[in-house]
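# A structural walkthrough
Letter by letter, the chains look like this.
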Amino acid sequence: MANKLFLLDGMALVYRAHFALIRSPIYTSKGFNSSALYGFTNTLVDLLSKQSPSHIAVVFDTKAATERHKIFPEYKAQRDAMPEDLSIALPEVKRIIKAFNIPVIERDGFEADDVIGTLAKKAVEDDPKCEVFMVTPDKDFAQLVEKGIYMFKPAKGGNEPEILDVDKIKEQWDIETPDQVIDILGLWGDASDNIPGVPGIGDKTAKKLVGRFGGIKELLENTDQLKGKQKENVENFSEQALLSRRLATIVVDAPVELDWSSLKVGERDHDALAGLLVEFEFNTLGKRL
């Protein structure tokens, strides 16, 4: 049976769970906001029960600066501080993951995206028959999709999860190859990461330009084919476009080793898990498990 590896973008999933319940948060009888913990655990239980992974890991960012911060100090600078309730919940999320006997992977100097990208590429190199699912709501991961590597967007609002392969990425982004997502983000920018892009170019224009020229490098070599304000902006902000492309590129050679044995789905710690579900008053989840 082929290996089926699930790599979870921990921070993105925790944020998603917290803000999904922001209008009606869940509190325990002791006043602990368990929204993020509940949503994340639900996602985890769904994955384990419905997708039957053979291998799994949860990857988190660390607070250490990355290469992106060094080349562009404003990278992610506009983001609000993590909400206090979420900050308090994060260690509890890691306790839940530990009780499921799932490894947590973190690397200072690299984002979770980089670690997941590196492990995904190493997995399909090491085992061409394996399937890797990058579990995240983050659009940037589309650039990594290839044969054997998929984006897995968890279910929300009662819908089924969305699994995106190469053809779906090409269709969604209107591109020839998934790595052109990097060029689109380089031109369009990314407000959530404070990647500037080129002024005046939104997602539709970025897709048209990449479709027409192939990528940022080719576009910059052919600005004589552009007109008016667009020509002016692309030429004036050419360095910013190249910087933005670099910021949007997920690293696939982060210093992390692929160890199949440590990622193998194992027996959960039933006592620890039961204790946590009682502690956080997750009665429905307790019955599911």
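Reading the values: rules and limits
- Residues numbered from 1 in each chain as written.
- Predicted model: local features only at pLDDT ≥ 70, side-chain atom pairs only at ≥ 80, totals over all residues.
- Heavy atoms only, no water.
- Pairing = 2+ DSSP bridges.
- Helix = DSSP H or I, 4+ residues; strand = E, 2+ residues; numbered from the N terminus.
- Contact = heavy atoms within 4.5 Å.
- Axes fitted to C-alpha atoms, helices over the stretch in contact; angles between N-to-C directions.
- Buried < 20%, exposed > 50% of the residue type's maximum accessible area, 1.4 Å probe, protein only.
- Core = buried A, V, L, I, M, F, W, Y, C linked by side-chain atoms within 4.5 Å.

### Let's talk about the sheet that holds strand 6 (residues 162-164)
Pairing is mixed in the open sheet, where six strands are placed in the order 3-2-1-4-5-6. Of all the strands in the sheet, the pair left with one neighbour each is strand 3 (104-105) and strand 6. Lying over the sheet, helix 1 (residues 10-20) contacts strand 1 (4-9), strand 2 (55-59) and strand 4 (131-135), oriented at roughly 60 degrees with respect to strand 1.

### What to know about the pairing of strand 5 (residues 149-153)
The element strand 5 is largely enclosed, with a buried count of four among its five residues. Bridge count between strand 4 and strand 5: four bridges; the pairing is parallel. Within the sheet, the bridge partner assigned to Phe-133 lies in strand 5 and is Tyr-150. Two strands pair when backbone bridges link them, and strand 5 and strand 6 are joined in this way by three bridges, in the antiparallel orientation.

### What to know about the side chain of Asp-193
Secondary-structure assignment places Asp-193 in the loop between helix 7 (180-188) and helix 8 (203-213). With residues near it in sequence (within four places) discarded, Asp-193 still touches Tyr-75, Lys-76, Gln-78, Arg-79 and Asp-140.

### Side note on the nonpolar core
Val-132, Ile-169 and Leu-187 are the most contacted members of the largest nonpolar core, which has 51 residues in total. Residues within four places of Leu-187 in sequence aside, it is in contact with Gly-197, Val-198, Ile-201, Ala-206, Leu-209, Val-210, Ile-216, Leu-219 and Ala-241. Core analysis: the next-biggest nonpolar cluster, separate from the first, contains 35 residues, Leu-48, Leu-86, Val-93 and Ala-99 among them.

### A few points about the environment of Asp-271
Mapped onto the elements, Asp-271 comes out in helix 13 (residues 270-279). On a C-alpha basis, the gap between Asp-271 and Ala-99 in space is 8.4 Å, while along the polypeptide they are 172 residues apart.

In short, the description is geometric, and any link to function would need to be established separately.
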